Structures are given as C-alpha cells and as structure tokens.
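Below, each chain spelled out in residue letters.
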Amino acid sequence: MRELLKHGQETLNARLITTAQLVLQRYASQIPDAATYQSTIQDWRRRYGNITLRTTLTLGGPSDNREAGGIPLPVPKKAGAH
C-alpha cells in the first residue's frame, strides 16, 4: 500500500492511488498509521480530483454512435473549415 501510494503521488497516477485506497480499506486494521494514509489519499484527491477509472472503451452504450470497439480520437480541425 505504501509503494502504491508513493508511486501514485510521484506519477500522479489515479489508478495507483485508488488501488492504495482499496488496499487500505481492506487491511486498515493491519496497517500502522492507517488514518494518516487515508488523510494523504483524501488530500491527493482534493488536489488532483477523484478520477473515474472507466476507460474510453466502456463509455457510452447502445445509443453511442460508433462501431463496436471504436475509440473516439480527437482530430484537429483544419484552418478555415466549418
């Protein structure tokens, strides 16, 4: 849990922070200073946001207007195009 939190803070990786949170929740009784780690995680989320972990592939649904397996990519507009 400490390593997940450390690397998550160094890389700003929300998935690592969330995983550290889940480990902390499960094993809080076995982790010394669990409340301090919880406070650190909450502070990180306040500063950088509580990121949703759903990938682009799971967004949308049946009403989504793209082919199965398609990923929407940002395409810059050409100058003067409407």
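So, a few notes on the structure that sits alongside this text.

Thresholds applied
- Residues numbered from 1 in each chain as written.
- Predicted model: local features only at pLDDT ≥ 70, side-chain atom pairs only at ≥ 80, totals over all residues.
- Heavy atoms only, no water.
- Phe/Tyr/Trp six-rings, centres within 6.5 Å; stacked < 30°, edge-to-face > 60°.
- Helix = DSSP H or I, 4+ residues; strand = E, 2+ residues; numbered from the N terminus.
- Expected span 1.5 Å × (residues − 1).
- Buried < 20%, exposed > 50% of the residue type's maximum accessible area, 1.4 Å probe, protein only.
- Arc of directions from axis to C-beta.
- Contact = heavy atoms within 4.5 Å.
- Axes fitted to C-alpha atoms, helices over the stretch in contact; angles between N-to-C directions.
- Parallel < 35°, antiparallel > 145°, perpendicular 65-115°, else oblique.
- Left-handed = near helix turned anticlockwise from the far one by under 90°.
- Nonpolar A, V, L, I, M, F, W, Y, C, P; charged D, E, K, R; others polar.
- Salt bridge = Lys/Arg side-chain N within 4 Å of Asp/Glu carboxyl O.

Examining the packing of aromatic side chains
- Summed over the entire model, instances satisfying the criterion amount to one aromatic pair.
- Measuring from centroid to centroid gives 5.2 Å for tryptophan 44 and tyrosine 48, while their planes differ by 45°, and the two rings are tilted. Of the two residues, tryptophan 44 and tyrosine 48 both sit in helix 3 (residues 34-48), four residues apart, roughly one turn of that helix.

Here's the deal with helix 3
- Its 15 residues give helix 3 an end-to-end C-alpha distance of 21 Å, which sits within 8% of 21 Å, the value for a rise of 1.5 Å per residue.
- Buried within helix 3 we find Ala34, Tyr37, Ile41 and Trp44. Projected down its long axis, helix 3 shows its buried positions confined to an angular sector of 85°, all on one face. Residues of helix 3 that are exposed and point over 90 degrees away from its buried face: Ala35 and Arg46.
- In this structure, the buried residues of helix 3 make contact with helix 1 (2-11) and helix 2 (14-27).
- Of the residues flanking the end of helix 3, it is glycine 49, one or two places downstream, whose phi is positive at about 90°.

Here's the deal with the packing of helix 1 against helix 3
- Two elements in contact, helix 1 and helix 3, have axes separated by 12 Å at closest approach and are oriented at 25°. As far as their axial angle goes, helix 3 and helix 1 are roughly parallel. Helix-helix and strand crossings are classified by hand; for helix 1 and helix 3 the assignment is left-handed. Across the interface between the two elements, Arg2, Leu5, Gly8 and Gln9 of helix 1 pack against Tyr37, Thr40, Ile41 and Trp44 of helix 3.
- A per-class count over the contact of helix 1 with helix 3 returns four nonpolar, three polar and one charged.

Quick word on the environment of threonine 19
- Along the chain, threonine 19 turns up in helix 2.
- Considering only alpha carbons, one finds threonine 19 and methionine 1, 18 residues apart in sequence, at a separation of 8.0 Å.

Topic: the pattern of salt bridges
- Enumeration according to the criterion identifies two salt bridges in this entry.
- A salt bridge links arginine 46 to aspartate 43; its shortest N-O distance comes to 4.0 Å. Separated by three residues within a single helix, arginine 46 and aspartate 43 lie in helix 3, roughly one turn from each other.
- Since its relative accessible area comes to 30%, aspartate 43 is described here as partly exposed.
- As a salt-bridge pair, aspartate 43 and arginine 47 come within 3.2 Å of each other at their nearest N and O atoms. On the criterion of helical spacing, the pair formed by aspartate 43 and arginine 47 is a turn pair, its members being four residues apart in helix 3.
- Among the charged side chains, a network of salt bridges with common partners joins Asp43, Arg46 and Arg47.

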